Amino acid sequence: MEKVVIIGSGCAGWTGALYTARANLKPLVLMGAQPGGLLTTTSIVENFPGFPEGLDGFELMSRMQKQAERFGARATFGTVEKAEFSKRPFALTVDGEAIEAETVIIATGASHKHLGVPGEALLETKGVTYCATCDGALPIFRNQPLVVVGGGDSACEEALYLTRFGSEIFLIHRRDKLRASKIMAERALTHPKIRPLWDSAVMEILDAGQERVTGVKLKNLKTDAGTIVPCAGVFVAIGHAPNTGIFKGQVEMDGEGYIIRGKGAATSVPGVFVAGDCADRVYRQAVTAAGMGCAAAIEAERFLAAENQ
Ligand code: NAP
């Protein structure tokens, strides 16, 4: 029987692991489908305190893992298929195997949202992607016009990153003002290779028939005018959805699947705690996720201590 099982290995998961490990609870971290979480797909992280020059997202996550393991956290590549929180010990099915836990910290993060337009699914891996850092350097994108969809920090970051490879980067946003932070918006909008296309919705990604991206069909949402922008790649950066599907019916969630946090890091089930982007639709920063991981760990430790009194 595990004292603490942490589901997820992003900033929230590893910080929870660090704190529960230092409390001698020997946490088991289930690293899931994307070990290290979304941050491993970022290029340079400039806003994590303590790293004035910034550092690579993958590097940051590797360091967090090492730090937690130094104090006794254990990690496995498992992905949870089923969670049963109606009675204790809590039961998890991980890659077909049963694991019992006295407490659980859910830190499953979030995944990239999809546009849901024709051509998107068919052309995924054939020019449609959700990660410039992962795919931007591919030969098919070199010296070609590229499209980034979205108006937040992610879209700006993707567009800026792609200026290294593409000939011109079209930043397509459905409104006429970016949602991104001032510094990111300014960097993107003043870059000579980035061209914003405002008030525009992607209606279709072309050309599924040719099995490669040749352009996007746009509609101007103010004038209804339709245009086609030729491009070799479409980078979708329109935000994230929480990875909480397997917990449906087990813990309380809001309409979009974010786990509802009660006092501290509590969920609706005593002994199950939550941290990071799967419970946060507001801040969604590496440092806030880490903070929530710390809170969840302290709560789990106190919960176990109160039971053993
Ligand atoms: P976000 O802030 O939620 O922005 C999503 C963007 O996509 C918005 O501009 C939104 O348009 C647009 N959008 C959403 N659904 C759409 C759809 N179906 N079709 C077309 N456009 C759609 O998400 P994010 O940029 O991924 O950022 C998430 C969080 O991570 C934020 O807190 C951000 O600050 C943080 N982050 C920080 C950095 C950094 O500091 N370097 C980098 C990346 C992310 P509207 O504006 O019209 O809603």
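**Let's talk about the overall build of the protein chain**
Phase 1: When helices and strands are tallied, the protein chain shows six helices and 19 strands.
Phase 2: The globule rule puts the C-alpha radius of gyration for 309 residues at 19 Å, and the 21 Å found for the protein chain is close to it.
Phase 3: When the backbone C-alpha atoms are referred to their principal axes, the protein chain occupies close to 70 × 40 × 30 Å.
Phase 4: Burial status across the protein chain gives 49% buried among its 309 residues.
Phase 5: Across the protein chain, the fraction of contacts at a sequence separation of at least 24, relative to all contacts at a separation of at least 6, is 58%.
Phase 6: If you sum the accessible surface of the protein chain, you get close to 15100 Å²; carbon and sulfur atoms cover 51% of it.
Phase 7: Within the protein chain, the 34 negative side-chain charges are centred at a point lying 3 Å from the centre of the 32 positive side-chain charges.

**Quick word on the domain arrangement of the protein chain**
Phase 1: Taken domain by domain, the protein chain holds domain 1 (2-111 + 240-307) and domain 2 (114-236).
Phase 2: Domain 1 and domain 2 are separated by 32 Å when their C-alpha centres are compared.
Phase 3: Taken residue by residue, the interface counts six residues in domain 1 and seven residues in domain 2.
Phase 4: Taken over both partners, the interface formed by domain 1 and domain 2 buries close to 430 Å², and the fraction arising from carbon and sulfur atoms is 47%.
Phase 5: Counting the contacts that link domain 1 with domain 2 gives one salt bridge.
Phase 6: Between Arg187 and Glu46 there is a salt bridge whose closest N-O contact spans 3.2 Å.
Phase 7: Applying the counting rule to domain 1 against domain 2 returns one residue pair in polar contact (both at pLDDT 80 or more).
Phase 8: For the side of domain 1 that touches domain 2, the class distribution of residues is one nonpolar, four polar and one charged.

**As for unusual backbone geometry**
Phase 1: Residue Pro89 is bonded to the preceding Arg88 through a cis peptide linkage, with omega at 0 degrees.
Phase 2: Here Pro89 is to be found in the loop between strand S6 (80-84) and strand S7 (90-94).
Phase 3: Look at the link from Leu206 to Asp207: it is a cis peptide, with omega at 10 degrees.
Phase 4: Mapped onto the secondary structure, Asp207 falls in the loop between strand S14 (200-206) and strand S15 (215-220).

**Things to note about the pairing of strand S11 (residues 145-149)**
Phase 1: Most of S11 sits out of view: four of its five residues are buried.
Phase 2: Crossover handedness for the path S11 to helix H4 (residues 153-162) to strand S12 (residues 168-172): right-handed.
Phase 3: The pairing of S11 with strand S17 (residues 233-236) spans four bridges and is classified as parallel. Across the sheet, Val148 pairs through a bridge with Phe235, a residue of S17.

**Observations regarding the packing of helix H1 (residues 11-22) against helix H2 (residues 57-70)**
Phase 1: One can describe the packing of H1 onto H2 by two numbers: an axis separation of 8 Å at closest approach and a directional angle of 20 degrees. Between H1 and H2, the interaxial angle falls into the category roughly parallel. Crossing angle aside, the handedness with which H1 passes H2 is left-handed. Where H1 approaches H2, its residues Cys11, Trp14, Thr15, Ala17, Leu18 and Ala21 are matched on the opposing element by Met61, Met64, Gln65, Gln67, Ala68 and Glu69.
Phase 2: Classifying every residue of the contact of H1 with H2 by side-chain character gives eight nonpolar, three polar and one charged.

**With respect to the side chain of Glu158**
Phase 1: In this structure, Glu158 sits in helix H4.
Phase 2: Apart from residues no more than four positions distant in its own chain, Glu158 is found in contact with Tyr130, Cys131, Ala132, Thr133, Val148, Phe235 and Ala237.

**Some words on the environment of Glu168**
Phase 1: Considering the arrangement of structural elements, one finds Glu168 in strand S12.
Phase 2: Sequence-wise, Glu168 and Arg195 are 27 residues apart; in three dimensions their C-alpha atoms are separated by 7.4 Å.
Phase 3: Beyond its immediate chain neighbours, meaning those up to four positions away, Glu168 contacts Gln144, Pro145, Leu146, Lys193 and Arg195.

**Side note on the site of the ligand**
Phase 1: Contacts to the ligand come from 18 residues, most closely from Asp153, Ser154, Arg174, Arg175 and Arg179.
Phase 2: Contacts to the ligand include Arg175, whose side-chain N or O atom sits 2.7 Å from an oxygen atom.
Phase 3: Side-chain polar atom of Arg179 to an oxygen atom of the ligand: 2.6 Å apart, as the coordinates give it.
Phase 4: Out of a free accessible area of 920 Å², the ligand has 78% covered by protein chains.
Phase 5: No other element matches H4, which puts three residues into the shell around the ligand.
Phase 6: Split into classes, the residues belonging to the shell around the ligand amount to three nonpolar, nine polar and six charged.
Phase 7: Each of domain 1 (2-111 + 240-307) and domain 2 (114-236) accounts for three or more of the residues forming the shell around the ligand.

**Notes on the sheet that holds strand S10 (residues 128-129)**
Phase 1: On the basis of which strands lie adjacent, the open sheet formed by five strands has the order S10-S17-S11-S12-S13 and parallel pairing. If you trace the sheet from one side to the other, it starts and ends with S10 and strand S13 (194-197), each paired once.
Phase 2: With two bridges joining them, S10 and S17 adopt parallel strand pairing. Bridging across to S17, Thr129 finds its partner in Phe235.
Phase 3: In the packing of H4 onto the sheet, the strands contacted are S11, S12, S13 and S17, and the crossing angle to S11 comes to about 165 degrees.

Calculation criteria
Residues numbered from 1 in each chain as written. Predicted model: local features only at pLDDT ≥ 70, side-chain atom pairs only at ≥ 80, totals over all residues. Heavy atoms only, no water. Helix = DSSP H or I, 4+ residues; strand = E, 2+ residues; numbered from the N terminus. Rg over C-alpha atoms; globule rule 2.2 N^0.38 Å. Buried < 20%, exposed > 50% of the residue type's maximum accessible area, 1.4 Å probe, protein only. Contact = heavy atoms within 4.5 Å. Areas by Shrake-Rupley, 256 points an atom, 1.4 Å probe, with all protein chains shown as cover. Lys, Arg positive; Asp, Glu negative; His and termini not counted. Charge placed at Lys NZ, Arg CZ, Asp CG, Glu CD. Domains from an automatic or database assignment. Buried area = accessible area lost by both parts, 1.4 Å probe. Salt bridge = Lys/Arg side-chain N within 4 Å of Asp/Glu carboxyl O. Polar contact = N/O pair within 3.5 Å; in protein donor to acceptor, adjacent residues only side chain to side chain. Nonpolar A, V, L, I, M, F, W, Y, C, P; charged D, E, K, R; others polar. Right-handed = clockwise from strand over helix to strand, strands pointing away. Pairing = 2+ DSSP bridges. Axes fitted to C-alpha atoms, helices over the stretch in contact; angles between N-to-C directions. Parallel < 35°, antiparallel > 145°, perpendicular 65-115°, else oblique. Left-handed = near helix turned anticlockwise from the far one by under 90°. Near = heavy atom within 4 Å.

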